[in-house]
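Each chain, letter by letter, is given below.
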Amino acid sequence: ALRSDDWRLYLLSGVLMAAAALAKYFGSALIPLLLLYSFAERRRPGLWLCAFLIPTGAMLVYQVATASLYGHGLLSGAALYATGLRISGGGMQKTFTGLVFVGGGLASILCATPFVAGKRWAYAVLLASGLLFSFLSFVKWPVSPHTSAGYLVQAAVMAATGGGLMLFATVNVWQKRDSDSLLLLCWIVGTFVFTCFLNWTVSVRALLPLAPAAALLLARRLRDRQEAGDANISNRWVAGLVPALVISLMVARADYTHANSARKAADVIVQDLAGVRGNIWFQGHWGYQYYMERLGVKPLDFQNSPLGEGDVIIIPGNNSNTGPLESELVTLWRRYSFDTTCCLATMNIVAGSGFYSDDWGSVPFVFGAVPPETYQAYILR
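Residues numbered from 1 in each chain as written. Predicted model: local features only at pLDDT ≥ 70, side-chain atom pairs only at ≥ 80, totals over all residues. Heavy atoms only, no water.

Draft legend 1. Here's a closer look at helix α2 (residues 30–42). Over its 13 residues, α2 extends 17 Å from the first C-alpha to the last, a length consistent with the 18 Å expected when each residue adds 1.5 Å. By the burial criterion, the buried members of α2 are I31, L33, Y37, S38 and A40. Against α1 (7–23), α3 (53–70) and α9 (179–198) lie the buried residues of α2. With its phi angle positive at about 70 degrees, R43 sits one or two positions after the end of α2. (Helix = DSSP H or I, 4+ residues; strand = E, 2+ residues; numbered from the N terminus. Expected span 1.5 Å × (residues − 1). Buried < 20%, exposed > 50% of the residue type's maximum accessible area, 1.4 Å probe, protein only. Contact = heavy atoms within 4.5 Å.)

Laid out in structure tokens, this is it:
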């Protein structure tokens, strides 16, 4: 639309922005992002401003409509949830954790850097990784209490990779000084700021919108090197994607086995407790909740569940929204343990991996020994 100044394309772009925002709240970030890009491209107001009235109006109508339906607007409700349930951590800790998650979640950036960005960038990432490892080894912050050398090395490499991407995007703007480079920088930094300081938790999922911008940045660098005479780089840099593919498949496999362990746990535990006279209750959420409820087990409401003598309560060791029981009211009856992967963890608070929430760890995934998934069954006296 900016290239042709066609009002029909402006209308279409406004509709697409509105559709993105209504499909996923983060899609509303397109409004300030493309507004800034348009100003950088055109340098003055014009017909293009009308395109932003459509998504802005759509979000206002959505807020008013959901407020009349449910008594509160879902848009403001999501914002209040994100700010009210924020995982603890100061600005420096959130920034470091965000860089770690960027570097880990976009492992292809690390693997492709020596081939696309050049040896100097690769050496810079290695040097930064060493410095960060030394810093974390002495200070033991912010990834404490996980202070093993292997954990710190992984955190340092991921953080250096994430920081390198931010620096690379900034240098790209300085060198090219065009609106496209500014768009990529704001796209990357804006997603990072939202995830670290506005969202309720740092997660790979929240950083996912950053991936296309990072890919475009690498593609532009690849094109620049081809135009500079390095004709064979298009063949060499693909080699960097091979280890990235291996890492991605390992992470996917680890996440799959972690989820599958919850299904197995639900089947085994419910079958084992089939002869219990009282009711069976459980704490915890995620896929484990889905499988337990599918088998007829009731989730424990901390305030309203009608508990009675002989009832059994199952508490997972690695899950969300669990709480201890008063020791004088219950007796630990049985323990269960289920193995997952042997060498990589995605969501394990003991291993310090928090792929879906940094409340579980400051690293999205961790290579190393993975503790089993444990469950405890308590019987009410």
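Draft legend 2. Local environment of the pairing of strand β3 (residues 312–316). Counting buried positions along β3 yields five of five residues, so the element is predominantly enclosed. Burial of β3 is two-sided: the residues V312, I314 and P316 facing one way and the residues I313 and I315 facing the other way are all buried. Across three bridges, strand β1 (residues 280–282) lies against β3 in parallel orientation. Its bridge partner being in β3, F282 is matched across the sheet by I314. (Pairing = 2+ DSSP bridges.)

Draft legend 3. Fine view of the packing of aromatic side chains. Here the structure, examined in full by the defined rule, presents 11 aromatic pairs. For the pair Y25 and Y62, a centre-to-centre distance of 6.2 Å together with 65 degrees between the ring planes defines the contact as edge-to-face. Of this pair, Y25 sits in the loop between α1 and α2 while Y62 sits in helix α3; the two residues are 37 residues apart in sequence, bridging distant segments of the chain. According to the relative accessible area criterion, Y25 is partly exposed, its value standing at 31%. Take Y62: its relative accessible area is 22%, and that puts it in the partly exposed class. Judged by centre distance (6.2 Å) and plane angle (85 degrees), the ring pair of W48 and F52 falls under edge-to-face. The pair formed by W48 and F52 is uniform in burial state, with each residue classed as buried. Sitting over the face of the ring of W174, R177 holds its NZ or CZ atom 4.1 Å from the ring centroid. (Phe/Tyr/Trp six-rings, centres within 6.5 Å; stacked < 30°, edge-to-face > 60°. Lys NZ or Arg CZ within 6 Å of the ring centre and 35° of its normal.)

Draft legend 4. Here's a closer look at a nonpolar patch on the surface. On the surface, a cluster of nonpolar side chains totalling about 400 Å² of accessible area is made up of W7, L11, V15 and L47. Mapping V15 onto the fold places it in helix α1. (Patch = residues over 30% accessible without salt bridge, like charges linked within 9 Å, V, L, I, M, F, W, Y side chains within 5 Å. Areas by Shrake-Rupley, 256 points an atom, 1.4 Å probe, with all protein chains shown as cover. Salt bridge = Lys/Arg side-chain N within 4 Å of Asp/Glu carboxyl O.)

Draft legend 5. Examining the side chain of T341 more closely. Here T341 shows up in the loop between β4 (330–338) and β5 (344–345). Owing to a relative accessible area of 17%, T341 belongs among the buried residues under this scheme. Of the polar contacts made by the side chain of T341, one reaches the backbone oxygen of L344; its length is 2.5 Å. If sequence neighbours within four positions are ignored, T341 has contacts with R253, A254, T257 and V370. (Polar contact = N/O pair within 3.5 Å; in protein donor to acceptor, adjacent residues only side chain to side chain.)

Distances and angles like these do not, on their own, reveal function.
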